[in-house]
Amino acid sequence: MNKIVLIAMMVFLGFSAQAQTKKNKNLKYATEVNGNCEQCKKRIEKAAYGVPGVKTATWDVSSHQLSVILNEEKCSPSDLNKAIAKAGHDTKEVKATDTDYDNLHSCCKYVRE
Amino acid sequence: MQKNIMLFVAFLLSVSVFSQEDLEEVKINKKQKGIKKSYTLTANTSVITSKELLKAACCNLAESFETNPSIDVNFSDALTGTKQIKMLGLTSPYLMITEENIPSVRGASQAYGLSFTPGTWIESVQITKGAGSVINGYESISGQINTELLKPLNDIPFFLNAYGSTDSRFELNTHFNKKLSDKWATSLFVHGNARVAKNDMNNDGFLDNPLGKQINVLNRYQYYNPENGLVSFINFRYMNDKKQTGEVDFDKDRDRGTTNYWGSEINTERFDVSTKIGYVFKDMPYQSIGFQNAFNSHKQDSYYGLNQYDIKQNSFYSNLIFNSIINNTMHKFTTGLNFSYDQYQEFVNLTDVSRIDNSVGAFFEYTYDNTDNFSLILGGRVDNHNRLGIFITPRLHMRYNPWKNGVIRFSAGRGKRSANIFAENQQLFASSRTFSILDSSGKVYGLNPEIAWNYGVSFSQKFKLFNRNADAGFDLYRTDFQNQAIVDVMQSPQQVLFYDLKGSSFANSLQVEFNYELIHNLNLRTAYKYYDIQTDYLRGTFQRPLQAKHRFLGNLEYETDLNNDKQWRFDFTYNWSGKQQLPYTASNPAEDQFPDFSPAYAVMNAQVTRVFSSVFEVYVGGENIGNYKQQKAILGANDPFGPNFDASIAYAPIFGQMYYAGLRFKIK
């Protein structure tokens, strides 16, 4: 009996594991990215497009929302967050290094949280 | 927000990449400008918003360009009151004119088609100078004009416009709109106009404007489902237009087909059905598919004195479009197929020149946008046409922003078309000219297809002057004809000759523009235009007849701030036209001659609008308030069946000053 339950559980887990690995080619992902101006917008979007697998990226100046559609087979949201941080912008998940932040144009030096 | 999403979807579906971004721009600004120029679009496109259309009498599309620097409005002849438009110095057959991206003014409708779209139906007009996109076809040479009509899902329940003028023209526009469900809406537009009294202000015995009646009905349906991304439009339209012109004493029942009095009637009946269906892929807002189909039947029965001209065109047009991206939205593409079929039944003085044209083509257009300061559209298409053969149409547009608020554009492209020489030049029937086609080897009336290359560069810069908004810019275009169907009125006043271009033919144009907000709410728009349009004729090289070398446009607009929805709006437009080459008439007797060049002249228009509330407004205005008139409009007017009669040489207004008044009433 125990064995059967175990097998059933394994099968179940196996399924869900498989379900997890099924990657979304058009994943909608949104996150908050800190920035100030039109110049930031260009930089943030450029950084997002620099990540292979990002299909479309828009950053809204007033709401600070970055909306992205990406192909999970080629990249993950964390790759995206790292790339944005590398460009000098803090995201909710990844903070930019001080060096990268200091490289920003003076008008783009947003207030860090 | 809902509205924004809907607009976004509509914008994705809208066929051309050009119009897409326009729509977005027009909608978001609260206080919109009359003419919108973009600093981020790839092509040299400006958008006329509905606000601009309210600046002039604007009874129909042909009359809606009077305040626009990109388009010149001319008179096509001294009888029919028809306004003819030109871009880069080339007449409308060299433009692609579409209505919601379906070719509309072409073939049989070329001469009068623009006057068959009432002004109140128009939501916006996009004007693209130069080669344009390959998506809608291969015919455009000097530019594209796309008209967007009011959309049922955004329209107000009821709109009424009444108009009357001192040249005895009356118009009535009524719009009804109903939301059938949360996904379906329908609009019914009914337009009627009439000119009821005879006017002869220059006392030459001929009407200055035709008597006329038009009834024009459009019923359209729009479907939009945000859940599954489906959008659809279905349109039905019927139009009947009757015009009578000629001598004041002409009685159509008594005098038709006789030489008692010279007269003309132009009766047009048209029926259109068009459908559009679009689908935006789920979770992929950048990918969509669209399918358009249009059928129309256009029938014109007419006579000009003893010349009889009848044409009927049945057309079918179909366009399948797929939009998507390569890797990401920095690289977009549009690809698809076109099919078109045109059956012409055409009789010139009872000689049958009927024909059937059909073509099938495939296009691919790639758009690169670095999301910053550079974008490019590279398009190409291959078509197989029963008369034009198999051919390739390449087009290229580029945009670069070298610094803030500045934009440089470049475009190049090829266009090819068959000239409908009779339909496009039917004003010449109102003369004693004999028509001769000198070539016979070509496939369209004996002539070969017209082929031209168009190149252009432009620059525009926004800046602050004394702390107020200003912009300035220029553009420079050249059109080079490899072949052209030459319409030659430079040899003899008794003849018009049609033949294939033998030497060279080109059109150069330069436009310099300066716009400035003089004081708060007072805007000035100025443009100077220079045209050098030369053609090698059978004998001699001349500037294109009836084309001014220099033109100047000035427009002043002033509006008060909205106060409880009340507002005053004032507009003044000044149009100066330099001397124009005139057709050759020197072999006529002295009294039936024109000089080689027309005099320069200016026309001034003004309008005042009083907005009483968001529901009701009234406008009054004047056209040609300086009362400039072409003194001698018709050659041989006293002997209209004699050898020197010619009513096709109109270089200036015939009628003189005209005043009008109208009202607009809305239920929101």
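Once a new chain begins, its residue numbering starts again from 1 and follows that chain's sequence as written. Lettering for chains starts from A, numbering for ligands starts from 1, and both go in the order in which the items are written. For a predicted model such as this one, the threshold for reporting local features is a pLDDT of at least 70, and the threshold for listing and counting side-chain atom pairs is 80 or more; totals across whole chains, interfaces and linings nevertheless cover every residue.

Chemist: For the overall build of chain B, give the residues involved together with the corresponding values.
Modeler: Only DSSP runs of H or I with at least four residues qualify as helices, and only runs of E with at least two residues qualify as strands; both kinds are numbered from the N terminus onward. When its secondary structure is counted, chain B shows five helices and 36 strands. Radius of gyration here is computed from C-alpha atoms only, and the compact-globule reference equals 2.2 Å multiplied by the residue count raised to the power 0.38. Rg of the C-alpha trace for chain B: 24 Å, near the compact-globule value of 26 Å for 668 residues, within the 12% margin. With respect to the three principal axes, the spread of C-alpha positions in chain B is 70 × 60 × 50 Å. Neighbour density around each residue's C-beta defines its exposure: 20 or more other C-beta atoms within 10 Å make it buried, 12 or fewer make it exposed, and counts between make it partly exposed, where C-beta atoms are placed from the backbone. Counting only residues that meet the buried cut, chain B has 49% of its 668 residues in that class. Throughout, a pair of residues is in contact if the C-beta atoms placed from their backbones lie within 7 Å. If you take every contact in chain B between residues at least 6 apart in sequence, the share linking residues at least 24 apart comes to 64%.

Chemist: Go over the packing of helix α2 (residues 38-49) of chain A against helix α3 (residues 77-86) of chain A with me, naming the residues and quoting the values.
Modeler: Residues and elements named next belong to chain A. Between α2 and α3, the least distance of the axes is 9 Å, while the angle of their chain directions is 140 degrees. With respect to α3, the axis of α2 lies oblique. The two elements α2 and α3 meet at a crossing, and its hand is right-handed. Facing I44, A47 and A48 of α2, the residues of α3 in contact are L80, A83, I84 and K86. Note on residue classes: Ala, Val, Leu, Ile, Met, Phe, Trp, Tyr, Cys and Pro are nonpolar, Asp, Glu, Lys and Arg are charged, and everything else, Gly too, is polar. Looking at the contact of α2 with α3, its residues break down into six nonpolar, no polar and one charged. Simply put, an axis is a line fit to the C-alpha atoms, just over the touching stretch for a helix, and the angle between two N-to-C directions goes from 0 to 180 degrees. With respect to orientation, any angle under 35 degrees is reported as roughly parallel, any angle over 145 as roughly antiparallel, any angle of 65 to 115 as roughly perpendicular, and every other angle as oblique. Crossings are sorted by hand: turned counterclockwise from the far helix by less than a right angle, the near helix makes the crossing left-handed, and turned clockwise it makes it right-handed.

Chemist: Explain the sheet that holds strand β1 (residues 27-32) of chain A to me, using residue names and the numbers behind them.
Modeler: The strands that make up a sheet are held in pairs by hydrogen bonds between backbone atoms, and each pair lies either parallel or antiparallel. Residues and elements named next belong to chain A. Following DSSP output, two strands are said to pair if at least two bridges run between them. Read from one edge to the other, the open sheet built from three strands follows the order β1-β3-β2, with strand pairing classed as antiparallel. Strands at the two margins of the open sheet, each flanked by one partner only, are β1 and β2 (54-59). Between one strand axis and the next, the sheet turns by 15 degrees as a mean value, whatever way the strands run. Note that β1 and strand β3 (residues 65-70) share six bridges and pair antiparallel. Residue A30 lies in a different strand from β3, and its bridge partner there is S67. Across the sheet, α2 lies against β2 and β3, angled at about 165 degrees from β2, the strand it touches most.

Chemist: Please set out the interface of chain B and chain A residue by residue, giving values where relevant.
Modeler: Note on interface size: it is often stated as the accessible area lost on association of the parts. Each side of the interface is counted separately: chain B has nine residues, and chain A has nine residues. Top element by residues in the side of chain B that touches chain A is strand β18 (residues 328-348) of chain B. It accounts for three residues. Its residues assigned to classes, the side of chain B that touches chain A comprises four nonpolar, three polar and two charged.

Chemist: Can you lay out the sheet that holds strand β28 (residues 495-500) of chain B for me, pointing to particular residues and giving the numbers?
Modeler: Residue and element names in this part refer to chain B. Here we have three strands laid out as an open sheet, ordered β24-β28-β27, and mixed in their pairing. Strands with a single pairing partner mark the edges of an open sheet, and in this sheet they are β24 (434-437) and β27 (485-488). Between one strand axis and the next, the sheet turns through 15 degrees on average, direction left out of account. As judged from the four bridges shared by β24 and β28, these two strands associate in the parallel manner. Residue pairing in the sheet places I437 in a bridge with F498 of β28.

Chemist: A description of α3 of chain A should follow, citing residues and the corresponding values.
Modeler: For α3 of chain A, every residue scored as buried is listed here: L80, N81, A83, I84 and A85 of chain A. Buried residues along α3 of chain A sit in contact with β1, α2, β2, β3 and α4 (98-102) of chain A.

Chemist: Before we move on, can you summarise the pairing of strand β23 (residues 406-417) of chain B with the specific residues and values?
Modeler: All names here are of chain B. When strand β22 (residues 389-400) meets β23, the two strands line up antiparallel, connected through six bridges. Note that in β23 the partner of H397 across the bridge is S411. Hairpin connection, β22 to β23: the antiparallel pair is bridged by five residues, and N405 has positive phi, about 60 degrees.

Chemist: Account for the confidence of the model for chain B, with residues named and values stated.
Modeler: Residue and element names in this part refer to chain B. For chain B, the average pLDDT comes to 90, and 95% of its residues sit at 70 or higher. Per-residue confidence from the predictor is given as pLDDT, running between 0 and 100. Confidence drops under pLDDT 50 across residues 3-30; counting only partners more than four residues distant or on other chains, this segment forms 61 contacts. The ipTM, which scores confidence in the relative placement of chains, is 0.75 for this predicted complex, and the corresponding pTM is 0.88.

Chemist: I'd like a rundown of α2 of chain A, residues and numbers included.
Modeler: Counted at 1.5 Å a residue, the expected span for α2 of chain A with its 12 residues is 16 Å, and the 16 Å between its end C-alpha atoms agrees. Residues of α2 of chain A that are buried: C40, K41, R43, I44, E45, A47, A48 and Y49 of chain A. Looking at the buried residues of α2 of chain A, the elements they touch are β2, β3 and α3 of chain A together with β18 of chain B. A helix is expected to reach a length of 1.5 Å times the quantity of its residues less one.

Chemist: Before we move on, can you summarise the environment of N370 of chain B with the specific residues and values?
Modeler: Residue and element names in this part refer to chain B. Residue position: N370 is located in the loop between β20 (355-369) and β21 (374-385). Given 13 C-beta atoms within 10 Å, N370 falls into the partly exposed group. For the pair N370 and M330, spaced 40 residues apart in sequence, the C-alpha to C-alpha distance is 5.9 Å.

Chemist: Tell me about the nonpolar core, residues and numbers included.
Modeler: All names here are of chain B. Connectivity within a nonpolar core runs through C-beta atoms within 7 Å, and the core itself is a set of buried Ala, Val, Leu, Ile, Met, Phe, Trp, Tyr and Cys residues. Ranked by size, the top nonpolar core spans 52 residues in total, and within it A78, Y309, A485, I486, F498, I634 and A650 carry the most contacts. Going through the elements one at a time, β16 (288-304), β17 (307-326), α5 (421-424), β27, β28, β34 (601-611) and β36 (658-667) are the ones with two or more residues in this core. Look past the residues within four positions of Y309 in its chain and what remains in contact with it is S302, Y303, Y304, V348, F422, Q426 and F429. Core analysis: the second largest hydrophobic core is formed by 33 residues, L53, I71, M87 and Y531 among them.

Chemist: Any details on the environment of G81 of chain B? Residues and values, ideally.
Modeler: All names here are of chain B. By the element assignment, G81 lies in the loop between β3 (71-75) and β4 (83-87). Using a count of 23 C-beta atoms within 10 Å as the deciding quantity, one classes G81 as buried. Once the C-alpha coordinates of G81 and S340 are considered, the two residues, 259 residues apart in sequence, prove to be 32 Å apart. With near-sequence residues (within four places) excluded, G81 lies in contact with N209 and P210.

Chemist: So what's going on with unusual backbone geometry? Which residues, and what values?
Modeler: All names here are of chain B. Of note, the phi angle at E100 is positive, near 50 degrees, even though the residue is not glycine. Take E100: it is sitting in the loop between β6 (95-99) and β7 (102-103). For E100, a count of 21 C-beta atoms within 10 Å corresponds to the buried category. In the Ramachandran plot, N405 falls in the positive-phi region, its phi being about 60 degrees despite a non-glycine side chain. Take N405: it is sitting in the loop between β22 and β23.

Chemist: Lay out the environment of E38 of chain A with the relevant residues and their values.
Modeler: Residue and element names in this part refer to chain A. Residue placement: E38 occurs in helix α2. On the neighbour-count criterion, E38 (12 C-beta atoms within 10 Å) is exposed. Expressed as a C-alpha distance, the spacing of E38 and C75, which sit 37 residues apart in the sequence, is 26 Å.

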